[in-house]
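# Structural characterization, general
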Amino acid sequence: METAKPALVVHGGAGAAKELEDGCASAAERGRGLLGVSALAAAVAAVVSLEDDGRYNAGSGAALCLDGVTVEMDASVMDSQGTLGAVACLRGIRNPVLAAQEVAQTPHWLLAGDGAALLARRAGLAPSGQVSQRVRQEHRAMLSRLHSGMPSGPGADGEAYARFWEREAQLAAQRGAPGMSPESAGRSDTVGAVARDADGVFAVACSTGGTSPSLQGRVGDTPIIGSGFYAGPHGAVAATGVGEHIVRHLLAHQVYGWIADGMPLQRALERGVSLFAPDVEIGLIAVSRDSAGAHSNRGMPWAQVQHG
Ligand code: ASP
């Protein structure tokens, strides 16, 4: 029987501004109130709080695709009792993590696009609001960065931009006026939470608007089991950073495996981050039977609470 106190860890994205830590603290407090219900309820409540905050790249603050019009979001939930649900390329729903929870009630584990939105609407989930000025400004800043020839991300050089993205980016640029400085663009700000409850059940919940820039239909690590998230009888892990790199390491499951083998949690997090080149932003949070923590190769807002 589990003896460790219930615990919850929340993150606001690898490379996100430290000033966003207050939102993580509020989300962790909101989740703390539900640790007595279940680890999953606590992790989901924390992620809903961050989705509703508007400053993170998730839910109300989710980034625009390169076309400057479309918002597509990914989310996931999992616990050590068999709950597993995810959505990919979800449009028009305010809280994608709640849609992921709905998927977990179906015979499937992952729904994408229109089917995911249909399920969410049938479940009565609230629609998205208007795209905020902040999200539009960040999109314009990303475009000026692309046009100034700066790399669009690790491993995505100017040639990739020219081949696949030039036309969409030009169309988007015609729609927008200059906004924030290019330096202020490109943050990830994806959100996630991991929890351990009094019964020793572990859970994880994640939500993202994806990396920026991205083509329509792009899916990162966040809704992919074992890559962006994993939970089992030894703990729960959530990853943040560049999904195209995270999936190649099945990062969340890799780190979970080290914890299950007895590696100290903080060491497992550091080892996970060290798998990546320094230009790839990566962050991890985890809970185990006796520990909880976070690690990133960038600044990463995060918060931790215990209960009881
Ligand atoms: N991992 C997310 C993705 O690639 C982005 C992030 O964590 O900021 O979609």
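Here, every reference points to the structure presented above.
What you see is a predicted model, and the numbers here were worked out from it, not measured in a lab.

### Describing the overall build of the protein chain
Within the protein chain, the regular secondary structure consists of 9 helices and 11 strands. By the burial criterion, 53% of the 308 residues in the protein chain qualify as buried. In the protein chain, the proportion of contacts linking residues at least 24 apart, taken out of those at least 6 apart, comes to 69%. Summed over all atoms, the accessible surface of the protein chain reaches about 12,400 Å², with 51% contributed by carbon and sulfur.

### Some remarks on the pattern of salt bridges
Enumeration according to the criterion identifies 9 salt bridges in this entry. When the shortest N-O distance is used, the salt bridge between E244 and R218 registers 2.7 Å. With a gap of 26 residues between them, E244 in helix α7 (residues 243-246) and R218 in the loop between β6 (202-208) and β7 (229-232) connect regions that are remote in the sequence. A relative accessible area of 33% means that E244 is categorised as partly exposed. Taken together, the shared-partner salt bridges connect D22, D53 and R55 into one network.

### A short note on the environment of S60
By the secondary structure assignment, S60 is in the loop between α2 (39-53) and β2 (73-79). With 70 residues separating them in the primary sequence, S60 and Q130 have C-alpha atoms 8.3 Å apart. In this view, S60 contacts E51, D52, G54 and R94; residues no more than four positions away in its chain are not counted.

### Brief notes about the side chain of S227
Its location among the elements puts S227 in the loop between β6 and β7. A residue is classified by how much of its surface remains accessible, and S227, at 1% relative accessible area, is buried. If we ignore the near neighbours within four places in the chain, the residues touching S227 are D221, A239, I246, V247, L250, L251 and A252.

### Topic: the packing of helix α1 (residues 21-32) against α2
Following both chains from N to C, one finds α1 and α2 inclined at 145°, their axes separated by 7 Å at the closest point. Here α1 runs over α2; the crossing is right-handed. Contact residues: α1 offers G23, C24, S26, A27, R30 and G31, while α2 offers A42, A45, A46, V48, S49, L50, D52 and D53. Its residues assigned to classes, the contact of α1 with α2 comprises 7 nonpolar, 4 polar and 3 charged.

### Remarks on the pairing of β6
Of all 7 residues making up β6, 7 are buried, and the element is well covered by its neighbours. The alternating pattern of β6 places F202, V204, C206 and T208 on one face and A203, A205 and S207 on the opposite face, and all of these are buried. Judged from the 6 bridges that link them, β2 and β6 form a sheet pairing that is antiparallel. For V77, the partnering residue across the bridge sits in β6 and is A205. In this sheet, β6 lies alongside strand β5 (residues 191-196) in antiparallel orientation, the contact comprising 6 bridges. Its bridge partner lying in β6, G192 is registered against C206. As consecutive antiparallel partners, β5 and β6 are separated by 5 residues, and within that stretch G200 has a phi angle of approximately 80°, a positive value.

### Points about empty space enclosed by the protein
With a probe scaled to a water molecule rolled over the atoms, the places where space remains empty come into view. Summed over all chains, the structure comprises 3 cavities of 30 Å³ or more. Here the second largest cavity defines a volume of roughly 100 Å³. Around the second largest cavity sit 16 residues that line it, and T190, T208, D221, T222 and G241 are the ones nearest its centre. At the level of elements, β8 (235-241) and α7 are the ones that each hand at least two residues to the lining of the second largest cavity. Considered class by class, the residues forming the lining of the second largest cavity number 2 nonpolar, 11 polar and 3 charged.

### Side note on the sheet that holds β8
The 4 strands are arranged β7-β8-β9-β10 in an open sheet whose pairing can be described as antiparallel. Each edge of the open sheet is held by one strand with a lone partner, namely β7 and β10 (292-296). Within this sheet the neighbouring strands show an average axis-to-axis angle of 10°, counted without direction. Each of β7, β8 and β9 (282-288) is contacted by helix α8 (residues 251-260), which is oriented at about 145° to β8, the strand it contacts most. In the packing of helix α9 (residues 265-273) onto the sheet, contacts are made with β9 and β10, and the angle to β10 comes to roughly 20°.

### Some remarks on the packing of α2 against helix α3 (residues 96-103)
Taken N-terminus to C-terminus, the directions of α2 and α3 make an angle of 145°; their axes are 8 Å apart at the nearest point. Side by side, α2 and α3 meet where L40, V44, V47, V48 and E51 of the first sit next to P96, V97, L98 and Q101 of the second. Here the residues of the contact of α2 with α3 are counted per class, giving 7 nonpolar, 1 polar and 1 charged.

Here is what the cut-offs are and how they apply
- Residues numbered from 1 in each chain as written.
- Predicted model: local features only at pLDDT ≥ 70, side-chain atom pairs only at ≥ 80, totals over all residues.
- Heavy atoms only, no water.
- Helix = DSSP H or I, 4+ residues; strand = E, 2+ residues; numbered from the N terminus.
- Buried < 20%, exposed > 50% of the residue type's maximum accessible area, 1.4 Å probe, protein only.
- Contact = heavy atoms within 4.5 Å.
- Areas by Shrake-Rupley, 256 points an atom, 1.4 Å probe, with all protein chains shown as cover.
- Salt bridge = Lys/Arg side-chain N within 4 Å of Asp/Glu carboxyl O.
- Axes fitted to C-alpha atoms, helices over the stretch in contact; angles between N-to-C directions.
- Left-handed = near helix turned anticlockwise from the far one by under 90°.
- Nonpolar A, V, L, I, M, F, W, Y, C, P; charged D, E, K, R; others polar.
- Pairing = 2+ DSSP bridges.
- 1 Å grid on protein atoms, 1.4 Å probe; cavity = no way out; pocket = protein on both sides within 12 Å on 5 of 7 lines; lining within 4 Å.
- Points joined across faces, edges and corners; volume = space filled by probe spheres on them.

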